[in-house]
Amino acid sequence: MISMPSPKAENPTLEYSPSSRAKCRICKKNIEKGAIRLGTPYVFRKDGEEIFSFRWHHLDCSMGKDPQSIVKALKFSKSLRKEDRLRIQEELEDRGLIEGVSKPIKIGKLSPNLNRINVVAKVTHIFPSRQDLLLSFRRIQPIYLKDDTGEVKLVLDESLSKNTNISPGDTLEISNVKVLNPYDNVVELFADEKTIIKAL
Ligand SMILES: [Zn+2]
């Protein structure tokens, strides 16, 4: 007997519903076109052949009934928009189902100089032209960037810039960093003596 590998079909998936035809297996109502749906794989036999297919569910219905499948699907679903992915991650985190990411902070809600936050970010550029070391970040957590072109810059206090060895490509865990201007397109963070920078 030959078993066909179907790696794609073996994992649950999250996607935008391409039509309004599929019914949710939990509430029995149609899943509207464009809504995020969870697909859980199952196997049936047709003419002696094993065929993989999906059972579809509203995201919200699954959150209550089968959140573990959402946790798993999130790892394999590449098509979700960043903001949807973050929203789902946040909800799973609120339910205690995933760990490791701190609660995301919307940068617009922060006040300049008053807030200190913890971030994990990848260093993309270093500008050594100023006395301060200036870094530019992409894919920063737990901050929501305003859009994909948004950047977060990290300015190091003079004493830190002499003692910190940072290279492009490094992933840094930065604790207790000050938010300088949360309203500009480029968010600036300031690391001083209270800030702890750790390479991951
Ligand atoms: Zn439903």
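Residue positions within a chain follow its written sequence, with the count starting from 1. Residues qualify for local features only when their pLDDT is at least 70, as the model is predicted, and side-chain atom pairs are given and counted only at 80 or more; totals for whole chains, interfaces and linings, by contrast, use all residues.

## Some words on the overall build of the protein chain
Then, number 1: When helices and strands are counted, the protein chain shows four helices and eleven strands.
Then, number 2: Counting the 200 residues in the protein chain, one finds 19% classified as buried.
Then, number 3: The contact criterion used is a C-beta to C-beta distance within 7 Å, with each C-beta placed from the backbone. Nonlocal contacts in the protein chain, meaning residues at least 24 apart in sequence, comprise 55% of its contacts between residues at least 6 apart. In this text, helices come from DSSP runs of H or I with a minimum length of four residues, and strands from runs of E with a minimum of two, each type numbered from the N-terminal end. Residues with at least 20 neighbouring C-beta atoms inside 10 Å of their own are called buried, those with 12 or fewer are called exposed, and the rest are partly exposed, where every C-beta is derived from the backbone.

## Observations concerning the nonpolar core
Then, number 1: Val119, Leu154, Ile174, Val177, Leu189 and Ala191 are the most contacted members of the largest nonpolar core, which has 13 residues in total.
Then, number 2: Within the residue set of this core, elements represented by two or more residues are strand 5 (116-127), strand 8 (151-156), strand 9 (171-179) and strand 10 (186-191).
Then, number 3: Among all residues touching Val177, those that are not within four sequence positions of it are Arg116, Ile117, Val119, Leu189, Phe190, Ala191 and Thr195.
Then, number 4: The term nonpolar core refers to a group of buried residues, namely Ala, Val, Leu, Ile, Met, Phe, Trp, Tyr and Cys, whose C-beta atoms join them within 7 Å. Counting residues in hydrophobic clusters, the runner-up holds seven residues, among them Leu14, Ile36, Leu59 and Ala73.

## Quick word on the sheet that holds strand 1 (residues 13-16)
Then, number 1: Taken in spatial order, the three strands make up an open sheet running 1-2-3, and their pairing is antiparallel. For this open sheet the edge positions go to strand 1 and strand 3 (49-58), each flanked by a neighbour on one side alone. Within this sheet the neighbouring strands show an average axis-to-axis angle of 45 degrees, counted without direction.
Then, number 2: Sheet topology places strand 1 next to strand 2 (residues 36-46); four bridges connect them, and they run antiparallel. For Leu14, the partnering residue across the bridge sits in strand 2 and is Leu38. Pairing between two strands requires that DSSP report at least two bridges joining them. The convention used is that axes are lines fitted to C-alpha atoms, helices contributing only their stretch in contact, and that angles between N-to-C directions extend from 0 to 180 degrees.

## Observations regarding the pairing of strand 2
Then, number 1: Across ten bridges, the pairing between strand 2 and strand 3 is antiparallel. Bridge pairing in strand 3 links Gly39 to Trp56.
Then, number 2: Here strand 2 folds back onto strand 3, and the loop between the two strands holds two residues, one of which, Asp47, carries a positive phi near 50 degrees.

## Re the environment of Gly39
Then, number 1: Note that Gly39 resides in strand 2.
Then, number 2: Given 22 C-beta atoms within 10 Å, Gly39 falls into the buried group.

## As for the confidence of the model for the protein chain
Then, number 1: Per residue, pLDDT captures the predictor's confidence, and it can take any value from 0 to 100. Residues of the protein chain with pLDDT of at least 70 account for 72%, and the chain-wide mean is 78.
Then, number 2: Across the protein chain, strand 1 holds the top mean pLDDT of 96, while strand 4 (residues 105-106) sits lowest at 54.
Then, number 3: Here residues 1-8 is modelled with pLDDT under 50, and outside its nearest four sequence neighbours on either side it reaches two contacts, counting other chains as well.

## Overview of unusual backbone geometry
Then, number 1: In this structure, Asp47 takes a positive phi of about 50 degrees despite not being glycine.
Then, number 2: Take Asp47: it is sitting in the loop between strand 2 and strand 3.
Then, number 3: Not every positive phi belongs to a glycine, and Asn176 is a case in point at roughly 65 degrees.

## Observations concerning the environment of Val179
Then, number 1: Along the chain, the position of Val179 falls in strand 9.
Then, number 2: Sequence separation between Val179 and Ala191 is twelve residues, and the spatial gap between their C-alpha atoms is 9.1 Å.

## Regarding the environment of Lys33
Then, number 1: Along the chain, Lys33 turns up in the loop between strand 1 and strand 2.
Then, number 2: For the pair formed by Lys33 and Tyr16, sequence separation is 17 residues and the distance between their alpha carbons is 7.4 Å.

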